[in-house]
Amino acid sequence: MTEDMIRERVKAELKEKRFRHVEGVVQTADRLARIHGANPEHARLAAWIHDFCRQWPKEKLVQTAKDMNIEEQYFEMPELLHGHIAAGLAPQEFGITDEDVLNAARFHTSGRTNMSLLEKVVYLADAIEPGRKYPAVEEIRKVAEEDLDLALALSFDNTIEYLIQRREPIFPLTVIARNGIWRKVKESRSEQASFDIK
Ligand SMILES: Nc1ncnc2c1ncn2[C@@H]1O[C@H](COP(=O)(O)OP(=O)(O)O)[C@@H](O)[C@H]1O
């Protein structure tokens, strides 16, 4: 399937506003990939498909996830299932088989530890595409141009703070990923005496 065909297939599946978000993620993922040396075509593919199942009803997500044998832990938070299902459908639906592309779609909402460069690019593109509006977004946009790991750490913190404020559960692996990326950011800067965030 060509990228244009994938675009049209995704467009047919989503409401206009959601599709505009996806277009924003594609554009941002392409840009971040070029800046940071990831594969821009792979970044765009993962971005096109990441929200393919975003508008499915919860029952359909849960049933499909069971049929696909998606890991038990994701069922506790059905908001996290759509990326996994999109990745599971992608070989058949779009002819996409590259594991890194599939994982970038799979983990775009929760993140995970030891994310690949492409996974970070797509996670952040989803968080900072031009349609996103939240207090920290400008700071994360700016940092994402220069330091992908720091931007990822800030983005995890932002999501976790948002969920806490709303008294929502936090997926435990996001917290573990958050701790890991902050450790990596701090270690890589430990020689710089002036390292200071905020
Ligand atoms: N780490 C997380 N743990 C638990 N719930 C989360 C987590 N990240 C996001 N969510 C929930 O999933 C929903 C979808 O996340 P969001 O990033 O806005 O959408 P999308 O994955 O479609 O880009 C959010 O409204 C939030 O409630």
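Residues numbered from 1 in each chain as written. Predicted model: local features only at pLDDT ≥ 70, side-chain atom pairs only at ≥ 80, totals over all residues.

**Some thoughts on the UniProt feature "domain: HD/PDEase" (unreviewed entry) in the protein chain**
Under the UniProt annotation, "domain: HD/PDEase" (unreviewed entry) lies at residues 14–140. Within residues 14–140, the helical portion is 62% and the strand portion 0%, while the C-alpha atoms at the span's ends are 27 Å from each other. (UniProt positions renumbered as here; feature names shortened; annotations may be inferred. Helix = DSSP H or I, 4+ residues; strand = E, 2+ residues; numbered from the N terminus.)

**Details of the packing of helix H5 (residues 81–94) against helix H6 (residues 99–106)**
Contact pair H5 / H6: the axes reach a minimum separation of 7 Å and the direction vectors enclose 155 degrees. Regarding the angle of H5 to H6, the classification is roughly antiparallel. Contacts between H5 and H6 involve Gly-83, His-84, Ala-86, Ala-87 and Ala-90 on the former and, on the latter, Leu-102, Ala-105 and Arg-106. Class assignment for the residues of the contact of H5 with H6 results in five nonpolar, two polar and one charged. (Axes fitted to C-alpha atoms, helices over the stretch in contact; angles between N-to-C directions. Parallel < 35°, antiparallel > 145°, perpendicular 65-115°, else oblique. Contact = placed C-beta atoms within 7 Å. Nonpolar A, V, L, I, M, F, W, Y, C, P; charged D, E, K, R; others polar.)

**Some details on the site of the ligand**
As a matter of local geometry, the ligand sits amid 15 residues, with Glu-79, Thr-109, Asp-126, Phe-171 and Thr-174 nearest to it. Class assignment of the residues belonging to the shell around the ligand gives a composition of five nonpolar, five polar and five charged. (Near = placed C-beta within 6 Å.)

**Digging into unusual backbone geometry**
Positive phi is not limited to glycine here, since Asn-114 has a value of about 50 degrees. Here Asn-114 is to be found in the loop between H6 and helix H7 (117–128). One non-glycine residue, Arg-167, lies in positive phi territory at about 55 degrees. Note that Arg-167 resides in the loop between helix H9 (148–165) and helix H10 (172–189). Using a count of 6 C-beta atoms within 10 Å as the deciding quantity, one classes Arg-167 as exposed. (Buried ≥ 20, exposed ≤ 12 C-beta atoms within 10 Å, placed from the backbone.)

**Some words on helix H8 (residues 137–146)**
Residues of H8 that are buried: Ile-140, Val-143 and Ala-144. Along the long axis of H8, the arc covered by the buried residues comes to 105 degrees, so they all point the same way. Turned more than 90 degrees from where H8 packs its buried face, Glu-138, Lys-142 and Glu-146 sit exposed. For H8, the elements touching its buried residues are helix H2 (16–36), H7 and H9. (Arc of directions from axis to C-beta.)

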